[in-house]
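Descriptive analysis of the structure
One-letter residues, chain by chain:
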Amino acid sequence: PVDKDELGRNTWSFLHTMAARYPEKPTQEVQKDMTTFVNLFSKFYPCSYCAKDLQEELKTNQPDTTSRSNLSQWMCRIHNSVNAKLGKPLFDCAKVDERWRTGWQD
Ligand code: FAD
């Protein structure tokens, strides 16, 4: 089995990479599918209290699926709200493409 932290790191890699590869101009159908995906994901994330908090957050903060950059920024904010809850430093969302899309410059 994997522990909660390893699962978390792997899952964030997946979620941020998925956002980084999302279309810049998604069709209505693609936007709807991504919204459905995120909401279903929150029901099946295999850490029950993590999933519960995410579902709570989604009640007032649905994903911005209107473009790649908007989805990437939304994902960054969601991750930062978990970072804040855990007392971890917040990530600078201006660096999200560098980290997850184009790669660090140095
Ligand atoms: P992680 O937080 O896993 O981050 C991995 C890498 O992502 C970092 O090294 C950094 O390079 C980058 N990064 C960090 N912040 C951001 C950001 N805002 N945007 C983009 N990139 C960023 N753990 C709990 O103990 N309790 C919980 O309730 C909980 N809820 C979770 C909910 C979800 C949906 C997920 C996916 C994970 C959750 N976790 C939770 C796990 C937790 O978020 C971390 O994954 C885990 O603590 C390991 O942390 P880490 O310091 O290795 O880095």
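Here the residue numbers are simple positions, counted from 1 along each chain's written sequence. Owing to the predicted nature of the model, reporting of local features is limited to residues with pLDDT of at least 70; listing and counting of side-chain atom pairs is limited to 80 or more, with chain, interface and lining totals taken over all residues.

Being near a molecule or strand means, for a residue, that its backbone-placed C-beta atom lies within 6 Å of it. Contacts to the ligand come from 22 residues, most closely from Gly8, Cys50, Cys76, His79 and Phe91. Every helix listed is a DSSP run of H or I at least four residues long, and every strand listed is a run of E at least two residues long, numbered separately from the N terminus. Looking at the shell around the ligand, the elements with two or more residues in it are helix H1 (4–20), helix H3 (48–60), helix H4 (68–85) and helix H5 (96–102). The greatest single-element share of the shell around the ligand, amounting to seven residues, is contributed by H1. Under the grouping applied here, Gly and all other residues not named as nonpolar or charged are polar, the nonpolar ones being Ala, Val, Leu, Ile, Met, Phe, Trp, Tyr, Cys and Pro and the charged ones Asp, Glu, Lys and Arg. By residue class, the composition of the shell around the ligand is 10 nonpolar, six polar and six charged.

Here the focus is the packing of H1 against H4. For the pair H1 and H4, the least separation of the axes is 8 Å and the interaxial angle reads 160°. In terms of orientation, H1 and H4 fall into the roughly antiparallel class. Crossing angle aside, the handedness with which H1 passes H4 is left-handed. Facing Trp12, Leu15, His16, Ala19 and Ala20 of H1, the residues of H4 in contact are Leu71, Ser72, Met75 and His79. Axis definition: a line fitted to C-alpha atoms, over the contacting stretch in the case of helices. Angles run 0 to 180 degrees between N-to-C directions. Angle categories are assigned with fixed cut-offs, so that under 35 degrees is roughly parallel, over 145 is roughly antiparallel, 65 to 115 is roughly perpendicular, and the rest are oblique. Crossings are classed by handedness, with left-handed meaning an anticlockwise turn of the near helix from the far one by less than a right angle and right-handed meaning a clockwise turn. We call two residues in contact if the C-beta atoms placed from their backbones are at most 7 Å apart.

Turning next to the nonpolar core. What tends to happen in soluble globular proteins is that the nonpolar side chains get buried as a cluster. Here, a nonpolar core denotes buried Ala, Val, Leu, Ile, Met, Phe, Trp, Tyr and Cys residues that are linked to one another through C-beta atoms within 7 Å. Whether a residue is buried, exposed or partly exposed is read from the other C-beta atoms within 10 Å of its own C-beta, which are placed from the backbone; 20 or more gives buried, 12 or fewer gives exposed, and intermediate counts give partly exposed. If you look at the biggest cluster of nonpolar residues, it comprises eight residues: Ala19, Met34, Val38, Leu71, Met75, Cys76, Val96 and Trp100. Elements that contribute at least two residues to this core include exactly helix H2 (28–44), H4 and H5. For this core, the element with the highest residue contribution is H4, accounting for three residues. Setting aside residues up to four positions removed in sequence, Met75 forms contacts with Leu15, His16 and Ala19.

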